[in-house]
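Architecture and fold: a report
Read off the chains here:
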Amino acid sequence: MAEYQHLTTPTDGESIQMTADGLHVPDRPIVPFIEGDGIGPDIWAAASRVLDAAVEKAYGDDRQIEWFEVFAGEKAHDQFGEWLPQDTLDAIDAHLVAIKGPLTTPVGGGIRSLNVALRQKLDLYACVRPVRYFTGVPSPVKEPEKVDMVIFRENTEDIYAGIEFENGTDAAETFKALLKEHFPDRFQNVRFPDTAGFGIKPVSKEGTERLVKAAMDYAIADGRDSVTLVHKGNIMKFTEGAFRDWGYELADREYGAQKLDGGPWRTFERDGRTITVKDVIADAFLQQILTRPDEYGVIATLNLNGDYVSDALAAEVGGIGIAPGANINYQTGKAIFEATHGTAPKYAGQDKVNPSSVILSGEMMLRYMGWTEAADKIIDAMETTIQQKRVTYDFHRQMEGATKLKCSEFGDALIENM
Ligand SMILES: NC(=O)C1=CN([C@@H]2O[C@H](COP(=O)(O)OP(=O)(O)OC[C@H]3O[C@@H](n4cnc5c(N)ncnc54)[C@H](OP(=O)(O)O)[C@@H]3O)[C@@H](O)[C@H]2O)C=CC1
Ligand SMILES: O=C(O)CCC(=O)C(=O)O
Ligand SMILES: [Mg+2]
């Protein structure tokens, strides 16, 4: 058992473990949670009640989650003087599956993203964000029901690796000198070298392959008919372009994909189905998900593209109030489930925002744990409650004749509808 400086493991319950046969989930698993900053406490209060109710309604007394609070962000800083205590990493490491609320990242200076740090330190390389439509949700597009995609966003590389040099610092001067000495042709492309800051974007073959493999395996298991590599490889040839090429090579080598005539697209057969592996440049993709969303199923993309695409796609099906996600390492089984949105600080403490993103992240977590009956209860309750037009402010402002509920009341409505 992990030794903690400030935490005490719950005495009831057991850890989830990874075995040769996959995840072993006891009937009373200990699941660490981070409440989060800003709206975190509001949405977590509603979400934890909904998750407990779903488990109870599905399994009675036979199963129960033993919640284990761990700390990051402002709460950790206030209590322990640290933004991301080692205890928290150790607890998630030991219990494998965790769920978190959003954590604040200041723009410009200050701490780097704790959200990104958690993903990188635990090597949770796949950020999985399903985007689907619930009937009745207000949408800015004409046929939102055609949006049904699952984004696989690479979570550990790209510009998020944090290799940046701030203009005016010694580090930036050293980096500039190195660039000037060793790569004078590239240095001369720096338009204003005296004041430029720099960022480096690592993208590797291994990093690409494990992410694309996760997307391909998901497409096979979930009965999807395409995997699309989304990149900006025309401009960033050796990072985003390489992502595309390595993705196609993996499809050929590991899945037996065969090139179609006249282009780079491939197909392969699985379980009597043809799965297409294709690619699209990120800017074109962003317009096509508005004009022809039904042409896309599983999306594999790099870290920054995945961040942009997640919010853009969420907007088509009601916004980031209903956009769940998971950060997963499919080899170790470690996973942290979290909403796509952030801390929405202007709404903090008002019991106002939509808790659906974190509730649906919890639904993904239950499914990941194999507790599908409880997960199904959440989906059914979500469908019923939205069709009853009982919604939070974000949907209410765009819906005719809806009843506006507080965050906690929306949680109550879901429980009532289970
Ligand atoms: N994984 C994480 O923990 C993430 C953390 N962040 C961090 O969060 C902070 C704030 O970021 P910001 O750019 O404002 O983005 P946010 O996602 O926090 O909020 C942007 C807008 O999205 C809408 N929104 C967000 N959450 C909900 C919800 N639960 N229900 C309904 N609407 C919602 C609100 O729209 P409206 O104003 O229209 O009502 C809100 O103003 C930053 O520090 C950022 O770094 C950001 C993303 C992810
Ligand atoms: O870490 C952050 O503050 C932002 C992260 C983010 O936007 C995301 O993961 O979608
Ligand atoms: Mg984001």
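Keep in mind it's a predicted model, so treat the numbers as computed, not measured.

Regarding the UniProt feature "site: Critical for catalysis" (unreviewed entry) in the chain
Summarizing the sequence annotation, UniProt attributes the feature "site: Critical for catalysis" (unreviewed entry) to Tyr160 and Lys232 in the numbering used throughout. Relative to the assigned elements, tyrosine 160 resides in the loop between β7 (148-154) and β8 (163-165). In contact with tyrosine 160, other than residues within four places in its own chain, are Val116, Asn303 and Leu304. Residue position: lysine 232 is located in the loop between β10 (226-231) and α8 (237-255). Classification of lysine 232 by C-beta neighbours within 10 Å gives buried; the count is 20.

Some points on the pairing of strand β3 (residues 30-34)
In terms of burial, β3 is a largely internal element, five of the five residues being buried. Along β3, one buried face is formed by Ile30, Pro32 and Ile34 and the opposite face, lined by Val31 and Phe33, is buried too. In this sheet, strand β4 (residues 66-69) lies alongside β3 in parallel orientation, the contact comprising four bridges. By the bridge assignment for β4, valine 31 is matched with tryptophan 67. In this fold, the crossover linking β3 to β4 by way of helix α1 (residues 40-59) has right-handed handedness.

Re helix α5 (residues 170-182)
Under the 1.5 Å per step criterion, the end-to-end length of α5 is 18 Å for 13 residues, consistent within 8% with the ideal 18 Å. Little of α5 sits inside the fold, with zero of its 13 residues counted as buried.

As for the sheet that holds strand β5 (residues 97-100)
If you walk across this open sheet you meet the twelve strands as β4-β3-β5-β16-β15-β6-β7-β14-β10-β13-β12-β11, and the pairing is mixed. Across the chains shown, the open sheet's two edge strands, defined by having one partner strand only, are β4 and β11 (258-259). Pairing of β7 with strand β14 (residues 298-301) involves four bridges; the strand directions are parallel. Opposite valine 150, over in β14, you have valine 298 as the bridge partner. Along the sheet, helix α11 (residues 356-368) contacts β5, β15 (326-328) and β16 (335-338); its crossing angle with β16, the most-contacted strand, is approximately 150°.

Some details on the packing of α1 against helix α14 (residues 407-416)
Direction vectors running N to C along α1 and α14 enclose 10°, while the axes themselves pass 9 Å from each other. In terms of their interaxial angle, α1 and α14 are classed as roughly parallel. Of the residues in α14, those in contact with Asp42, Ile43, Ala45, Ala46, Arg49, Val50 and Ala53 of α1 are Cys407, Ser408, Phe410, Gly411, Leu414 and Ile415. Of the residues assigned to the contact of α1 with α14, the class counts are nine nonpolar, two polar and two charged.

What to know about the site of ligand 1
In the region of ligand 1, 19 residues are neighbours, and Pro102, Thr105, Gly321, Gly342 and Asn354 sit closest. Of the residues in the shell around ligand 1, the class split is seven nonpolar, ten polar and two charged.

Topic: the UniProt feature "binding site: Mg(2+)" (unreviewed entry) in the chain
Following the UniProt record, the feature "binding site: Mg(2+)" (unreviewed entry) maps to Asp307 here. Examined against the element boundaries, aspartate 307 turns out to sit in helix α10 (residues 303-316). Residue aspartate 307 is classed as buried on the basis of its C-beta count, with 20 C-beta atoms lying within 10 Å.

Focus on the site of ligand 2
The environment of ligand 2 is made up of Thr105, Ser113, Asn115, Val116, Asp307, Ser310, Thr340 and Gly342. Those elements giving two or more residues to the shell around ligand 2 turn out to be α4 (114-121) and α10. Among the residues forming the shell around ligand 2, the class breakdown is one nonpolar, six polar and one charged.

Observations regarding the confidence of the model for the chain
When the pLDDT values of the chain are averaged, the result is 96; 100% of them are 70 or greater. Taken over the whole predicted complex, pTM reads 0.97, whereas the ipTM for its chain interfaces reads 0.98.

Digging into the environment of asparagine 234
Position of asparagine 234 among the secondary structure elements: in the loop between β10 and α8. Asparagine 234 sits 40 residues away from threonine 274 along the chain, and the two C-alpha atoms are 28 Å apart.

Definitions and limits used
Residues numbered from 1 in each chain as written. Chains lettered and ligands numbered in written order. Predicted model: local features only at pLDDT ≥ 70, side-chain atom pairs only at ≥ 80, totals over all residues. UniProt positions renumbered as here; feature names shortened; annotations may be inferred. Helix = DSSP H or I, 4+ residues; strand = E, 2+ residues; numbered from the N terminus. Contact = placed C-beta atoms within 7 Å. Buried ≥ 20, exposed ≤ 12 C-beta atoms within 10 Å, placed from the backbone. Pairing = 2+ DSSP bridges. Right-handed = clockwise from strand over helix to strand, strands pointing away. Expected span 1.5 Å × (residues − 1). Axes fitted to C-alpha atoms, helices over the stretch in contact; angles between N-to-C directions. Parallel < 35°, antiparallel > 145°, perpendicular 65-115°, else oblique. Nonpolar A, V, L, I, M, F, W, Y, C, P; charged D, E, K, R; others polar. Near = placed C-beta within 6 Å. pLDDT = per-residue confidence, 0-100.

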